[in-house]
Amino acid sequence: MKAAWRFSFTVLAATTFCASASAQPAGTDFSKIEILTEKIAPNLYLLSGSAGTDANHEDAAGGRIGILAGSDGIFMVDTQYAQLTDKVVAAIRKISPAPIRFLANTHVHIDHTGGDANFVKLGATLVTREELRDEALRNPALAKDPASLATVTYGLGAPVKFRMNGEVVDLIPVRAAHTGGDTMIRFENANVIMIGDFYRNYGYPYIDTANGGTLKGALEALEALYNIAGPDTKLVPGHGTIINRNDLLPYRDMILAVQSKVQQLIGQGKTMQEVLAAKVTATYDAKVPGGLLPAGNGTSADRFVSMVYSQLKSGK
Ligand SMILES: [Zn+2]
């Protein structure tokens, strides 16, 4: 199956293209958001915001949270928007009365990290990529409170392992993908990997180049994930539905096909506006829920195609 990943990359480089780094939904009424709990393994739970309440994430407000519970204390992945902390704590307390000991982040966006400082003040030790800590320092919503900055950091290299509650949790760093500080978080015994946002099945891929993300890195992260996952491993994106590794293949193929079309148009001397007008995602739009909904300055498809264009242009 690994042969499926044998493809060559176009040479790409980081770019200064500025996408909006903020995931804060303007005008979202946080009082309307409920936190829903799903049990995915005997002591592992996923918490998500309710649908239709977050303008940026229509399917489920904010990013998904993971809770590994047990007598050794709680290991938590991501924290949602800061405004939802009380509701998230209430949902955790329905699962377990144990102290929240460790908090890890899939990446820096505040729909995943906004509540970090609140949970640190409740006693959690925040453990993140060094790059994520640097990105947090540049993010006014996070930098205003030093509790948002991780106490323990790690770089690219071997996974950081936690052994708690009969589980082995691996924080697996991936090179610059959705952001410059992405981590996959694997629960070995539960056979679950929380993968953050370098894969998404609600809307088109989003690479936050302003926070160090790269398209090439996202493709490499997909390959690394495919190779780490077994056929039955549950892959949990930060947004959208839970998948398995075979779902990564059409997603990768879609990115490569769009990349190749954009490359062709660049070769014909087209400007970004002309490339956007060519609607190169048209054959995928019906299969990508939320793909034509607003995101950034246009649709999710426009944001994706603009990013691909900028990455290819800067890679020349
Ligand atoms: Zn994100």
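What counts as what
Residues numbered from 1 in each chain as written. Predicted model: local features only at pLDDT ≥ 70, side-chain atom pairs only at ≥ 80, totals over all residues. Heavy atoms only, no water. Helix = DSSP H or I, 4+ residues; strand = E, 2+ residues; numbered from the N terminus. Contact = heavy atoms within 4.5 Å. Areas by Shrake-Rupley, 256 points an atom, 1.4 Å probe, with all protein chains shown as cover. Lys, Arg positive; Asp, Glu negative; His and termini not counted. Charge placed at Lys NZ, Arg CZ, Asp CG, Glu CD. Salt bridge = Lys/Arg side-chain N within 4 Å of Asp/Glu carboxyl O. Buried < 20%, exposed > 50% of the residue type's maximum accessible area, 1.4 Å probe, protein only. Donors = N, O, S within 2.8 Å, 3.2 Å for Na, K, Ca; no water. Tetrahedral: all angles 85-135°; square planar, octahedral: opposite > 155°, others 65-115°. Expected span 1.5 Å × (residues − 1).

Trainee: What is the right way to read the overall build of the chain from this model?
Mentor: Secondary structure assignment for the chain yields 10 helices and 14 strands. For the chain, the proportion of contacts with a sequence separation of at least 24, taken over those separated by at least 6, is 65%. Accessible surface computed for the chain: about 12,800 Å², of which carbon and sulfur atoms make up 54%. Of the side-chain charges in the chain, 30 are positive and 30 negative, and the distance between the mean point of each set is 4 Å.

Trainee: Explain the pattern of salt bridges to me, please; I cannot follow it from the model alone.
Mentor: Should the charged atoms of two oppositely charged side chains come close, the side chains can pair. Inspection of the entire model under this criterion finds 8 salt bridges. When the shortest N-O distance is used, the salt bridge between Arg175 and Glu220 registers 3.6 Å. In this pair, Arg175 sits in the loop between strand S9 (167-173) and strand S10 (183-187) while Glu220 sits in helix H6 (residues 215-228), placing the two residues 45 residues apart along the sequence. Its relative accessible area of 33% is what places Arg175 among the partly exposed residues. Among the ionic pairs, Arg252 bridges to Asp253, the shortest N-O distance being 2.7 Å. Its relative accessible area of 6% is what places Arg252 among the buried residues. Owing to a relative accessible area of 39%, Asp253 belongs among the partly exposed residues under this scheme. Bridged by salt links that share partners, the residues Lys161, Asp170, Arg186 and Glu188 form one connected network.

Trainee: Is there a simple way to explain the coordination of the zinc ion in this structure?
Mentor: Octahedral metals with six donors have ideal donor angles of 90 or 180 degrees. Tetrahedral metals with four donors have an ideal donor angle of 109.5 degrees. Ligation of the zinc ion by protein atoms is provided by His107 (NE2), His109 (ND1), His178 (NE2) and Asp197 (OD), these donors lying 2.2 to 2.3 Å from the ion. Given 4 donor atoms and angles of 84 to 173° at the metal, the environment of the zinc ion is assigned as irregular. Mapping the donors of the zinc ion onto the primary sequence yields the spacing H-x1-H-x68-H-x18-D. Its relative accessible area of 4% is what places His109 among the buried residues.

Trainee: Could you clarify how one ought to interpret H6 in this entry?
Mentor: For H6, which comprises 14 residues, the first-to-last C-alpha distance of 20 Å matches the rise-based estimate of 20 Å (1.5 Å per residue) to within 8%. The inward-facing, buried residues of H6 contact S10, strand S11 (192-196), strand S12 (234-237), helix H7 (248-267) and helix H10 (300-314).

By themselves these figures say nothing about function.
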